[in-house]
Amino acid sequence: MIRVGELSIPTLDDLSFLNKKILVRLDINSPIEPKSGKLLDDSRIKAHIPTLRELIEKGNALVLLSHQGRPGDSDFVGLEEHSKVLSRYLGQEVEFVEDVMGPYALNRIRELRSGEVIMLDNVRLVSEELIEAPPDQHARSFLVNRLSKVVNSFVNDAFATAHRSQPSLVGFPVVIPSSAGRLMEREVSALAKIFNSETSPKVFVLGGGKVQDSIRIIENLSKRRLADRILTGGLLAEVFMIAKGMNLGKENLQILERHGILSLVPRAKKVLLAGAPVEVPVDFRVESQGNVIEESSTRISGIIKDVGPTTEEIYSSFIRDAGLTVLRGPMGVIEDERFRRGSSSLLRAALESKGYVIVGGGHMISVIGEAQLDPAKVHVSTGGGALLLFLAGESLPALEALSRGVKA
Ligand SMILES: Nc1ncnc2c1ncn2[C@@H]1O[C@H](COP(=O)(O)OP(=O)(O)OP(=O)(O)O)[C@@H](O)[C@H]1O
Ligand SMILES: O=C(O)[C@H](O)COP(=O)(O)O
């Protein structure tokens, strides 16, 4: 068992996982190259291998379940390529089953023998998976009803999705014996230890495109006075700049509109009025007629794609003096090599600082690349939103469900 606040969460040591058929929820949601659909980074896939190896060595048959992207987004793809990468790291075949809970998937699961591993397709192909609801409601979903009948137990290793109260995260522990996987256990134990109140100043570097998540996180951090500075980049920074009354130019406004995040400006305004220590970029790298130029944030004519060099310097100076730096969400469109500088320079400043560093998020951890990291100084988390909500003191639905779930 691991204790997190009031929760006691079972681990693989607490349930009998011998010669069983186990449904394992992973989070292998990875950055995808928009044009080719190829995986840009496999860090999250690699992170699950210890859990899978341990379960296989105990004679179990494994049914792997994960999401990739969100319906309508360019990274919403099937999991066939993910299963090939898993096969390579696991050193045995992970058969891709192009189904989630239909007759083909259910029959393949029934036929599974000890030591075999299959990967079901993107669980967000099932419409129920996009519903946020309490565990008892999700226990009655088609997904949970159908899959729980053909497996013996459930292991949740998806720390990075633990903040989603969706069927594949919270429904199974209501009906079958369940536990946390080793990655979930490692993340929760490490983060609870690192994030203590003595470390200061705490600097959060927040970017990326999940602005609604990030504003909710900033509201939490601000309410609990957990952040000394919040340095913004990505689309998040643009929303706060508009909230501060700055003019980003028509094209950038249209992009924010297309992402459906302009409507979040009033919420950002409220966060600022509440005194959240939010900083925004003073310059950007923009794309203008196919060229990359640097522009001051007071005079923007191109399309914003990354923070600029002056912002890198100012943000880096805050980071160098931090006792703890948490980075989640890239500063720019890192799928394009030309716009990775902002993210990589701030990551470097954090690694060179005197403090501890936590890096999280599917895209942000892809910026780390081959950098050699000292585990005594850096925790690379697979979580993005989940990481920050956990650090901000929010109870994560998937952890709560495991804590209250069926014990064998
Ligand atoms: N200025 C920008 N304009 C458009 N997109 C941006 C910009 N800056 C960053 N992005 C996009 O943000 C996305 C990553 O955001 P996201 O919030 O998913 O970060 P993350 O590190 O993957 O965290 P998580 O794991 O929680 O998803 C990338 O696809 C990147 O292209
Ligand atoms: O990348 C993440 O943060 C997790 O995979 C959760 O993805 P989501 O924000 O689409 O639920």
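Rules of the game
- What you see as residue numbers is a count from 1 along each chain, following the sequence as written.
- Each chain is given a letter, starting from A, and each ligand a number, starting from 1, according to the order in which they appear as written.
- Totals for whole chains, interfaces and linings use all residues, but because this is a predicted model, local features are given only for residues with pLDDT of at least 70 and pairs of side-chain atoms are given and counted only at 80 or more.
- The basis for every side-chain value is the complete set of non-hydrogen atoms in the structure, without hydrogens or water.
- The helix and strand labels rest on DSSP assignments: H or I over at least four residues marks a helix, E over at least two residues marks a strand, and numbering proceeds from the N terminus.
- UniProt positions are given in the numbering used here, feature names are shortened, and annotations may be inferred rather than shown by experiment.
- In this scheme, a residue with accessible area under 20% of its type's maximum is buried, one over 50% is exposed, and one in between is partly exposed, where area comes from a 1.4 Å probe on protein chains only.
- By definition, residues are in contact when any of their heavy atoms lie within 4.5 Å.
- Counting of polar contacts relies on pairs of N or O atoms within 3.5 Å, with two restrictions inside protein: one atom must be capable of donating a hydrogen and the other of accepting it, and residues adjacent in sequence are counted only when both atoms are side-chain atoms.
- Any two strands between which DSSP finds at least two bridges are classified as paired.
- Here the axes come from fitting lines to C-alpha atoms, over the contacting stretch only for helices, and the angles between their N-to-C directions go from 0 to 180 degrees.

**Regarding unusual backbone geometry**
- Following serine 200, the chain continues into proline 201 via a peptide bond in cis, with omega recorded as -10 degrees.
- For proline 201, the location among the structural elements is in the loop between helix 8 (182–194) and strand 9 (202–206).
- Residue asparagine 19 is not a glycine yet carries a positive backbone phi of 50 degrees.
- Structurally, asparagine 19 is set in the loop between strand 2 (7–9) and strand 3 (21–25).
- For glutamine 289, which is not glycine, the phi dihedral falls at a positive 50 degrees.
- Inspection of the secondary structure puts glutamine 289 in the loop between strand 12 (283–288) and strand 13 (291–296).

**Description of the UniProt feature "binding site: substrate" (unreviewed entry) in the chain**
- Within the UniProt annotation, "binding site: substrate" (unreviewed entry) is assigned to Asp27, Ile28, Asn29, Arg44, His67, Gln68, Gly69, Arg70, Arg124 and Arg164.
- Along the chain, asparagine 29 falls in the loop between strand 3 and helix 1 (43–47).
- Judged by its relative accessible area of 12%, asparagine 29 falls in the buried class.
- Aside from chain neighbours lying at most four places away, what touches asparagine 29 is Arg44, Ser66, His67, Gln68 and Gly69.
- A distance of 3.1 Å separates the side chain of asparagine 29 from the side chain of glutamine 68, its partner in a polar contact.
- Topologically, glycine 69 is positioned in the loop between strand 4 (61–65) and helix 3 (80–90).
- Setting aside anything within four residues of it in sequence, one finds glycine 69 in contact with Asn29, Asp75, Phe76 and Arg124.

**Concerning the UniProt feature "binding site: ATP" (unreviewed entry) in the chain**
- Taking the UniProt record as the reference, the feature "binding site: ATP" (unreviewed entry) is found at Glu335, Gly361, Gly362, His363 and Met364. Despite a sequence span of 30 residues, these residues sit close together in the fold, their greatest C-alpha distance being 14.2 Å.
- Those residues within four positions of histidine 363 in sequence are excluded, and the remaining contacts are Pro31, Pro330, Ile334 and Glu335.
- Here the side chain of histidine 363 touches glutamate 335 through a polar contact of 3.4 Å, side chain to side chain.
- Counting through the fold element by element, methionine 364 comes out in helix 15 (residues 364–368).
- Taking the relative accessible area as the measure of exposure, methionine 364 reaches 2% and is therefore buried.
- Each residue touching methionine 364, except ones within four places of it in the same chain, is listed here: Leu327, Arg328, Gly329, Pro330, Ser343 and Val359.

**Quick look at the sheet that holds strand 15 (residues 324–328)**
- Strand order in the open sheet formed by six strands is 11-10-9-15-16-17, with parallel pairing between adjacent strands. Lying at the two open borders of the sheet, with one neighbouring strand each, are strand 11 (278–279) and strand 17 (378–381).
- Pairing between strand 10 (residues 229–232) and strand 11: two bridges, direction parallel. Within strand 11, the position partnered with leucine 231 by the bridge is glutamate 279.
- Contacts between helix 9 (residues 211–223) and the sheet are confined to strand 9, strand 10, strand 11 and strand 15, with strand 15 contributing the most and set at about 160 degrees to the helix.
- Docked against the sheet, helix 14 (residues 341–352) engages strand 9, strand 15, strand 16 (356–360) and strand 17, running at close to 155 degrees with respect to strand 15.

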